[in-house]
Amino acid sequence: MTTAQPLDVQPTPLALLLLGREADPRSERGVECPGDLPSPSDPDLVARARAAKEKLGDRVFVLGHHYQRDEVIQFADVTGDSFKLARDAAARPEAEYIVFCGVHFMAESADILTTDAQAVVLPDLAAGCSMADMATAEQVAECWDVLTDAGIADQVVPVSYMNSSADIKAFTGRHGGTICTSSNAKRALEWAFEQGEKILFLPDQHLGRNTAVRDMGMSLEDCVVYNPHKPNGGLTAEQLRDAKMILWRGHCSVHGRFSVESVEDVRARIPGVNVLVHPECKHEVVAAADYVGSTEYIIKALEAAPRGSKWAIGTELNLVRRLANRFAAEDKEIVFLDKTVCFCSTMNRIDLPHLVWTLESLAEGKLVNRIEVDPETEKFAKLALERMLALP
């Protein structure tokens, strides 16, 4: 009887990460927040946040993304979507601290656009973005090798959604591409097609597909989906050569939950309802909706809506609830598109205890949770962002 020999198998970095035995320093998830947080049940949290913010005065500038909780939004100096907030931060060079109540990629963008003298702070380092995590620098570099082997890399212009890491923005800048938001995606694609014959769209397949097909008149057949977890992205060289839009297999975990059934159900429950969804939703949901637009578009549409109108909104629940409360006095009925409650779980990691801890630490002269993009990455990420800012 022979004794079985132990297999010389070395676990991969991903396997170790999943087992919790290693950490990925560039990951936007799973990072613990240092320090002792106040208890969420502390009745003095609001007063403590106000006192710390007042002590800091003009030295601090607090940014609040639309998807943040009300308990956090109340302390924001400005609110908005990710790119608007990053630009707002850049417009306040006198602020020593930029406290970004959002997620990791947003704070990175703010760091890229602000001065070296300013410190961008994220109240909870574990506030990442599942969509941004779906495209790593290594995966995108491998994808570019696949495009090179297929003989089409010199025809491809990368366009990356704002909801991407600084590494991906830098890749985009290095390869002659641009960044886009959900508001200007069409303009970005038009620009990219003036530079090349094909587009690699990162990391949200739905925004890329919806913009290409709904806004630019392409067909679904013009689009292919590159899956980074399959050899060659799961595509043949011929499929890559035939495609106009090479869509990264990424999505928003919130907007991806909405379905055609959600639309049909709300129409049955609320006669005369207007269905308004974000372009990160699936193509079939966008096709079934009455209106499609960015977060800012959604807000402006509801501001302009007539009294007594009815709306079902397909975006993050914190924002929908806030809008419903805001416009209730105007007799506008605003409901969440889906029956299932769906917050952005990572965005919700920024809560009042984390904000209080951050502000009090800064007020005591302790810089915590600083988000810094290395100079080389910043250089090329900023180049891609500047190309977007230069779009007509």
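Note that the structure is a prediction, hence the values are computed from the model and not measured.

## Quick word on the overall build of the protein chain
Helix and strand counts for the protein chain come out as 17 helices and 13 strands. Taken against the 2.2 N^0.38 rule, which gives 21 Å for 392 residues, the C-alpha radius of gyration of the protein chain at 22 Å falls within 12% of a compact globule. With the principal axes as the frame, the protein chain shows a C-alpha extent of 60 × 60 × 60 Å. A burial count over the protein chain gives 55% of its 392 residues as buried. Counting only contacts in the protein chain whose residues sit at least 6 apart along the sequence, the fraction spanning at least 24 positions is 68%. Carbon and sulfur atoms provide 49% of the accessible area of the protein chain, an area that totals close to 17,800 Å². On the protein chain, the mean spot of the 41 positive side-chain charges and the mean spot of the 58 negative ones are 4 Å from each other.

## A short note on the pattern of salt bridges
According to the stated counting rule, one finds 15 salt bridges in the structure shown. The salt bridge partner of E360 is R48, with a shortest N-O separation of 2.8 Å. Of this pair, E360 sits in helix α16 (residues 352-363) while R48 sits in helix α2 (residues 45-56), and the two are 312 residues apart along the sequence. On the accessibility criterion, R48 (28% relative accessible area) is partly exposed.

## Things to note about the sheet that holds strand β13 (residues 333-336)
Spatial strand order, β11-β10-β12-β13: four strands in an open sheet with parallel pairing. Only two strands of the sheet have a single partner each, and these edge strands are β11 (291-292) and β13. In terms of strand pairing, strand β12 (residues 310-314) meets β13 through four bridges, oriented parallel. Across the sheet, K310 pairs through a bridge with E333, a residue of β13. Helix α15 (residues 317-327) contacts β12 and β13 of the sheet and is inclined by roughly 165° relative to β13.

## A short note on the pairing of strand β1 (residues 60-65)
With respect to burial, β1 is a largely interior element, six of its six residues being buried. Because side chains alternate across β1, one face comprises the buried residues V60, V62 and G64, and the other comprises F61, L63 and H65, equally buried. As defined by bridge partners, β1 adjoins strand β3 (residues 97-101) across five bridges and the pair is classed as parallel. Bridge assignment links G64 to a residue of β3, and that residue is C101. Relative to strand β2 (residues 78-80), β1 runs parallel, the two sharing three bridges. Residue pairing across strands places G64 opposite T79, the latter belonging to β2.

## Some remarks on the packing of helix α14 (residues 295-304) against α15
The relative placement of two packed helices is expressed as an angle between their axes plus a distance between the axes. Look at α14 against α15: their axes get within 11 Å of each other, and the N-to-C directions meet at 20°. Put simply, α14 runs roughly parallel to α15. Where α14 crosses over α15, the two elements pack in a sense that is right-handed. Facing α14, whose interface residues are T295, I298, I299, L302 and E303, α15 presents L319, L323, R326 and F327. In terms of residue class, the contact of α14 with α15 is made up of six nonpolar, one polar and two charged.

## Comments concerning the packing of aromatic side chains
Taken as a whole, this structure holds four aromatic pairs when the rule is applied. Note on W144 and F171: the rings are 5.6 Å apart at their centroids and 80° apart in plane angle, and the pair reads as edge-to-face. Taken together, the residues W144 in helix α7 (residues 137-149) and F171 in helix α8 (residues 166-174) connect sequence positions 27 residues apart. Overall, the relative accessible area of 12% leaves W144 in the buried class. A ring pair is formed by F258 and F336, whose centres lie 5.4 Å apart and whose planes are at 65°; its orientation type is edge-to-face. You can see F258 sitting in the loop between β9 (245-248) and α12 (260-269) and its partner F336 sitting in strand β13, a full 78 residues away along the chain. Overall, the relative accessible area of 1% leaves F258 in the buried class.

## Regarding the sheet that holds β9
Pairing is parallel in the open sheet, where five strands are placed in the order β6-β5-β7-β9-β8. For this open sheet the edge positions go to β6 (178-180) and β8 (223-226), each flanked by a neighbour on one side alone. Each strand axis lies, on average, 25° off the axis of its neighbour in the sheet, ignoring direction. Bridge count between strand β5 (residues 156-161) and β6: three bridges; the pairing is parallel.

## Concerning the confidence of the model for the protein chain
For the protein chain, the mean per-residue pLDDT works out to 89, and 91% of the residues sit at or above 70. Confidence drops under a pLDDT of 50 for residues 1-31, and excluding neighbours within four residues, the segment shows 23 contacts in the predicted structure.

Thresholds applied
- Residues numbered from 1 in each chain as written.
- Predicted model: local features only at pLDDT ≥ 70, side-chain atom pairs only at ≥ 80, totals over all residues.
- Heavy atoms only, no water.
- Helix = DSSP H or I, 4+ residues; strand = E, 2+ residues; numbered from the N terminus.
- Rg over C-alpha atoms; globule rule 2.2 N^0.38 Å.
- Buried < 20%, exposed > 50% of the residue type's maximum accessible area, 1.4 Å probe, protein only.
- Contact = heavy atoms within 4.5 Å.
- Areas by Shrake-Rupley, 256 points an atom, 1.4 Å probe, with all protein chains shown as cover.
- Lys, Arg positive; Asp, Glu negative; His and termini not counted.
- Charge placed at Lys NZ, Arg CZ, Asp CG, Glu CD.
- Salt bridge = Lys/Arg side-chain N within 4 Å of Asp/Glu carboxyl O.
- Pairing = 2+ DSSP bridges.
- Axes fitted to C-alpha atoms, helices over the stretch in contact; angles between N-to-C directions.
- Parallel < 35°, antiparallel > 145°, perpendicular 65-115°, else oblique.
- Left-handed = near helix turned anticlockwise from the far one by under 90°.
- Nonpolar A, V, L, I, M, F, W, Y, C, P; charged D, E, K, R; others polar.
- Phe/Tyr/Trp six-rings, centres within 6.5 Å; stacked < 30°, edge-to-face > 60°.
- pLDDT = per-residue confidence, 0-100.

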